[in-house]
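Single-letter residue listing:
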Amino acid sequence: MTSGPMRFEGATLPTPEAVAAFIENVTEFLDRNGVDMRASHHTSLVLSEILTNLATHGACRDRLAKIVIAVAPDRVTGEITDSGPPFDPRLAPEPSLDADIEDRPIGGLGLFLVRKLTTALEYARRNDENSLTFAVSRAGSRDSTGAGKDPRPD
Amino acid sequence: MEIHDERIGDTFVITAKGRLDGGASATFAERIGSLITSEKPKLLIDFAGVDFVTSAGLRAVLLLVKKVKAAGGSFALCAVQEPVREVFDITGFAGMFSIHAARAEAIAAMGG
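As the structure is a prediction and not an experimental result, all values here were calculated from the model.

What follows covers the environment of Gly-22 of chain B. Looking at the element boundaries, Gly-22 of chain B is found in the loop between strand 2 (11–20) and helix 1 (25–33). Accessibility expressed as a C-beta count within 10 Å gives 25 for Gly-22 of chain B, which makes it buried. Spatially, the C-alpha atoms of Gly-22 of chain B and Ala-56 of chain B are 5.2 Å apart, while their sequence positions differ by 34 residues. Contact partners of Gly-22 of chain B, with chain neighbours within four places excluded, come to Pro-16 and Thr-52 of chain A together with Thr-54 and Ala-56 of chain B.

A few words on the confidence of the model for chain B. When pLDDT is averaged along chain B, the result is 94, and 99% of the positions lie at 70 or above. Scored as a complex, the prediction yields pTM 0.89 and ipTM 0.90.

On to the sheet that holds strand 5 (residues 98–100) of chain B. All names here are of chain B. Read across the sheet, five strands follow the order 1-2-3-4-5 without closing on themselves; strand pairing throughout is mixed. Edge positions in the sheet fall to strand 1 (2–8) and strand 5, since each has one partner strand and no second. Between one strand axis and the next, the sheet turns through 25° on average, direction left out of account. As judged from the seven bridges shared by strand 1 and strand 2, these two strands associate in the antiparallel manner. Along strand 2, the bridge assignment pairs Ile-3 with Ala-16. Where helix 3 (residues 82–90) meets the sheet, it contacts strand 3 (42–53) and strand 5, and its direction lies at approximately 115° from that of strand 3.

Moving on to the packing of helix 2 (residues 37–57) of chain A against helix 3 (residues 110–117) of chain A. Residue and element names in this part refer to chain A. Running from N to C, helix 2 and helix 3 cross one another at 145°; their axes reach a closest spacing of 9 Å. Note that helix 2 runs across helix 3; the crossing there is left-handed. Facing helix 2, whose interface residues are His-42, Leu-45, Val-46, Glu-49, Ile-50, Thr-52 and Asn-53, helix 3 presents Gly-110, Leu-111, Leu-113, Val-114 and Leu-117. Tallied by class, the residues present in the contact of helix 2 with helix 3 amount to seven nonpolar, four polar and one charged.

Reading the values: rules and limits
- The residue numbering used here restarts from 1 in each chain and proceeds along that chain's sequence as written.
- Starting at A for chains and at 1 for ligands, labels are handed out in the order in which the entities are written.
- Under the rules for a predicted model, residues below a pLDDT of 70 receive no local features and side-chain atom pairs below 80 are neither given nor counted, while totals for whole chains, interfaces and linings still include all residues.
- Numbering of helices and strands runs from the N terminus; a helix is a DSSP stretch of H or I covering at least four residues, while a strand is a stretch of E covering at least two.
- Note on burial: count the other C-beta atoms lying within 10 Å of the residue's C-beta; 20 or more is buried, 12 or fewer is exposed, in between is partly exposed, and C-beta positions come from the backbone.
- Residues are treated as contacting if the C-beta atoms built from their backbones sit within 7 Å of each other.
- Scored between 0 and 100, pLDDT is the confidence that the predictor attaches to each residue.
- In this scheme, strands are said to pair when DSSP sees at least two bridges between them.
- For helices, the axis comes from a line fit to the C-alpha atoms of the stretch in contact; other axes are also lines fit to C-alpha atoms, and the angle between any two N-to-C directions lies between 0 and 180 degrees.
- By definition, turning the near helix anticlockwise from the far helix through less than a right angle yields a left-handed crossing, and turning it clockwise yields a right-handed one.
- Any residue outside Ala, Val, Leu, Ile, Met, Phe, Trp, Tyr, Cys, Pro, Asp, Glu, Lys and Arg is labelled polar, Gly included; the first ten of those are nonpolar and the last four are charged.

Now the structure itself:
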């Protein structure tokens, strides 16, 4: 695991314990770089949901996922690379949000949150690996939509 | 995650602290769910110390809400941190139960 003033690189197994420990390191990195609480929370949440999904649906619990996080003045960007089967999280079905409590399904919220909390989300399959890049806007950023932004870490 | 409960009037007031993620959600749901033993239970969870909630944490909250509603009771949260509140809003959870700004206000609203 390496990190610089505005860049964090690391790898983790997608097991719950390893993901929790990894997220803690990312949160510390974001706090150290002055990222606001909202952007820090949402970046950590996006990472947590994607990594957890790799373990439960990606069938790659024993393979390291590589993560790069970069802090820019207006956003935090991230890239997650894994060698699991092809999977584009942008295409996951939408959960039913307006069902009654009794009928409300228990699952399906993780990837929905990923799509909602990011201002950019891109997927590519390269060299038998999934590459997911995302951006979370920072407080005070004039760009709240992320439209046209390249989310790859700078 | 740390969980502490006390009874104020006829309301169970639970103070949770830490991260409500995949590692904590099962304990969270079981520990708080074990308080639901009578009809019409009143459950208030103080979220002031909860700084991170994942979809696994949301599932645990939903399980508790379903259990309380099935027993004819009432369920509320208070003092939810802003990023966590945004997660409740986005997922529609904020429409399933009351979210109060502060503990005293919540206890008063629940008739505790």
